[in-house]
Amino acid sequence: MKTKTKISVVITVVITLFITTALSVNETSEVEQIVEVSREKGCVFMTTFGEQPSEGYAQFKLKENIQPVVDDGLSWLAEAQLENGGYGAGSHSRQGEMNPHAVNADPATTSMVAMALLRSGSTLKKGEYKEQLKKSLEFLLKQVENLSTDDVFITSERGTQIQSKLGDNIDAVLTAQFFSNLLKEKLDNKTKKRIKKCLDICVEKIQNATGKDGKMKGAGWAGVLQSGLATSALESAGSVGATLDEAVVRSQKQYLKDNYDEDSNSVKTTDGAGVILYSVSNSARGSAKDARRAKELIAKAKKEGKLKEDDTVTVENLQDIGVPESEAIGYVSSYNIYNASKTQAQRDDVISGFGNNGGEEFLSFLQTGESMVVNDDDDWKKWYDNVSGRLMKIQNEDGSWNGHHCITSPVFCTATSLLILSIENDIENLKQTGQD
């Protein structure tokens, strides 16, 4: 692990949070302020998403400093790629293995890295890491294309850290998410056709693995996270033209919403390893799209003069503008659950998560933040400022991040860290996911 050293960091205090073009830059004396920063050991999960809240670290999230941090992480990931083009997190039974070349490749980790490369600016045609992205894509396409009709999973690699902690079907979930993201780029017809075909296979695997109650089968230690990520993946797939079973999508969203009781303001944590953070972050994600729809319907009605400026999202107001009662009830429920869940997910006592440094906390925060963008919710700004500030401060000297237990993999942790730090590059795609 890295020793504590002090470095000087040039601060341009920029209040950016998560993705927007709305950058607010403080001027003159603050721009040239120099601050000494004591670098902590690079465990993403204890400090950022585990034991300690992020509040107070916004000062470290600065435009001038983010790119070098991202660059170091990308450089480390480029060196970590395996010969077959994939990346691995390693097995659950050998969580102490930190050498990225001493593990086997798995689709879930490869997809996380590929999404980080894509979000950070590389494509199949341009960018410093286009070759790594091409190799990752080819690895994933072959994994799916070589499946037989009897294969339940998209990989024969079993017992990985990611599967054990998140669920047996997480490889199909994260691979589908990557394919959907890539289909929003300019691709040649041959490549696009291959990706679409493989995306359809992954979507089918996800939907087949969804129980009647909307819960993903083969849940890991914190299975609610797999379900939340599956909902995200299906929504993304639908936004690029994949055919979805709407009954499955509805059941998934209902399952995530049911983890939060809006009447009692209580959280069901049975499928979240007893941790409130895991459940509320995914309740927010599961209700984000419908919450946005409710908000937009009310705003449109106000603009057209059908509602007063102080009218809020209620069943009665939605019915007044022509929304059927059953739909109005569903929209209002999603709207209320989303707002309550995302508020709880950012409370200091909830941020503490499991109480130690596990990767599940990290993914929970990624879900919370992305749900705010999908919902076109400006509250993501404060969240992103604090979280990115913390990530900058705890990066390992070699450019990576890692966990101390649970999901310890430096490859998986570094990719997920970069997905958060570079989120502003992907805001339009995320917002598109939230549109009907």
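Before going into details, it helps to say that this report is about the structure given with it.

Reading the values: rules and limits
Residues numbered from 1 in each chain as written. Predicted model: local features only at pLDDT ≥ 70, side-chain atom pairs only at ≥ 80, totals over all residues. Heavy atoms only, no water. Helix = DSSP H or I, 4+ residues; strand = E, 2+ residues; numbered from the N terminus. Buried < 20%, exposed > 50% of the residue type's maximum accessible area, 1.4 Å probe, protein only. Contact = heavy atoms within 4.5 Å. Areas by Shrake-Rupley, 256 points an atom, 1.4 Å probe, with all protein chains shown as cover. Salt bridge = Lys/Arg side-chain N within 4 Å of Asp/Glu carboxyl O. Phe/Tyr/Trp six-rings, centres within 6.5 Å; stacked < 30°, edge-to-face > 60°. Core = buried A, V, L, I, M, F, W, Y, C linked by side-chain atoms within 4.5 Å. Polar contact = N/O pair within 3.5 Å; in protein donor to acceptor, adjacent residues only side chain to side chain. Expected span 1.5 Å × (residues − 1). Axes fitted to C-alpha atoms, helices over the stretch in contact; angles between N-to-C directions. Parallel < 35°, antiparallel > 145°, perpendicular 65-115°, else oblique. Left-handed = near helix turned anticlockwise from the far one by under 90°. Nonpolar A, V, L, I, M, F, W, Y, C, P; charged D, E, K, R; others polar. Disulfide = S-S within 2.5 Å.

1. Quick look at the overall build of the protein
Assigned secondary structure in the protein consists of 17 helices and 6 strands. Counting only residues that meet the buried cut, the protein has 58% of its 436 residues in that class. The contacts in the protein between residues at least 6 apart in sequence include a share of 74% that link residues at least 24 apart. Entry remark: accessible area of the protein is about 17,900 Å², with carbon and sulfur atoms responsible for 46%.

2. Details of the pattern of salt bridges
Applying the stated rule across the entire model yields 8 salt bridges. Residue Lys300 pairs with Glu304 through a salt bridge whose shortest N-O separation is 2.6 Å. Take Lys300: its relative accessible area is 48%, and that puts it in the partly exposed class.

3. A word on the packing of aromatic side chains
Throughout the structure, instances matching the rule amount to 1 aromatic pair. Measuring from ring centre to ring centre gives 6.0 Å for Phe178 and Phe179, while their planes differ by 40°; the resulting arrangement is tilted. A relative accessible area of 0% means that Phe178 is categorised as buried.

4. Thoughts on the nonpolar core
Counting 82 residues, the largest nonpolar core has Phe178, Phe179, Leu199 and Ile206 as the members making the most contacts within it. Apart from residues no more than four positions distant in its own chain, Phe178 is found in contact with Ser111, Ala114, Met115, Leu118, Leu133, Leu137 and Leu140. Among the nonpolar cores identified, the runner-up in size contains 12 residues, and Ala294, Leu318, Tyr331 and Val332 belong to it.

5. Describing the side chain of Thr210
Looking at the element boundaries, Thr210 is found in the loop between helix 7 (189-208) and helix 8 (223-239). Given the relative accessible area of 10%, Thr210 is considered buried. A polar side-chain atom of Thr210 sits 3.0 Å from a polar atom in the side chain of Gln252. Not counting residues up to four positions away in its chain, the partners in contact with Thr210 are Lys215, Met216, Lys217, Val248, Ser251 and Gln252.

6. Focus on helix 7
Helix length check: helix 7, at 20 residues, gives a terminal C-alpha distance of 29 Å against a target of 28 Å (1.5 Å per residue), a fit within 8%. Restricting attention to buried positions, one finds in helix 7 the residues Thr191, Ile195, Cys198, Leu199, Cys202, Val203, Lys205, Ile206 and Gln207. Taking the backbone nitrogen of Lys190 as reference, a side-chain oxygen 3.2 Å away marks Asp188 as the first, capping residue of helix 7.

7. A word on the environment of Leu82
Mapped onto the elements, Leu82 comes out in the loop between helix 2 (63-80) and helix 3 (107-119). Spatially, the C-alpha atom of Leu82 lies 9.4 Å from that of Ser136, the residues being 54 residues apart in sequence. In this view, Leu82 contacts Tyr87, Gly88, Pro100, His101, Val103, Asn104 and Ala105; residues no more than four positions away in its chain are not counted.

8. Quick word on helix 15 (residues 380-394)
For helix 15, spanning 15 residues, the distance from its first C-alpha to its last is 21 Å, which sits close to the expected 21 Å at 1.5 Å a residue. Where burial is concerned, most of helix 15 is hidden: 13 out of the 15 residues are buried.

9. Brief notes about the environment of His101
Along the chain, the position of His101 falls in the loop between helix 2 and helix 3. Residues His101 and Ala89, 12 residues apart in the sequence, show an inter-C-alpha distance of 10.0 Å. Among the polar contacts made by the side chain of His101, one reaches the main-chain carbonyl oxygen of Glu79 at a distance of 2.7 Å.

10. A word on the packing of helix 4 (residues 130-145) against helix 7
Packed helix pairs are specified by the crossing angle of their axes together with the interaxial distance, meaning the distance between the axes. Taken N-terminus to C-terminus, the directions of helix 4 and helix 7 make an angle of 50°; their axes are 10 Å apart at the nearest point. Classified by the angle between their axes, helix 4 and helix 7 sit oblique to one another. Along this stretch, helix 4 crosses helix 7, giving a crossing that reads as left-handed. Contact with helix 4, carried on its side by Leu137, Glu138, Leu141, Val144 and Glu145, involves Thr191, Arg194, Ile195, Cys198, Ile201 and Cys202 of helix 7 and no other residues of that element. Taken together, the residues that form the contact of helix 4 with helix 7 break down as 7 nonpolar, 1 polar and 3 charged.

11. Considerations on the state of the cysteines
Throughout the structure, instances matching the rule amount to 0 disulfides. Of all cysteine sulfurs, the one in Cys198 lies closest to Cys202, which takes part in no disulfide; the gap is 6.9 Å. Look at Cys202 and you get buried, because its relative accessible area is 0%.

12. Here we look at the side chain of Gln161
Summarising the element assignment, Gln161 is placed in helix 5 (residues 161-166). A relative accessible area of 1% means that Gln161 is categorised as buried. A distance of 2.8 Å separates a polar side-chain atom of Gln161 from the backbone nitrogen of Thr408.

13. Let's talk about the environment of Ser227
Residue position: Ser227 is located in helix 8. With near-sequence residues (within four places) excluded, Ser227 lies in contact with Lys215, Met216, Tyr255 and Leu256. Of note is the side chain of Ser227, whose polar atom sits 3.1 Å from the backbone nitrogen of Met216.

14. Quick look at the packing of helix 3 against helix 4
Close contact between helix 3 and helix 4 brings their axes to 10 Å; oriented N to C, the two are set at 145°. The handedness of the crossing between helix 3 and helix 4 is left-handed. Contact residues: helix 3 offers Pro107, Thr110, Ser111, Ala114, Leu117 and Leu118, while helix 4 offers Gln132, Leu133, Ser136, Phe139, Leu140 and Gln143. Partitioning the contact of helix 3 with helix 4 into residue classes produces 7 nonpolar, 5 polar and no charged.

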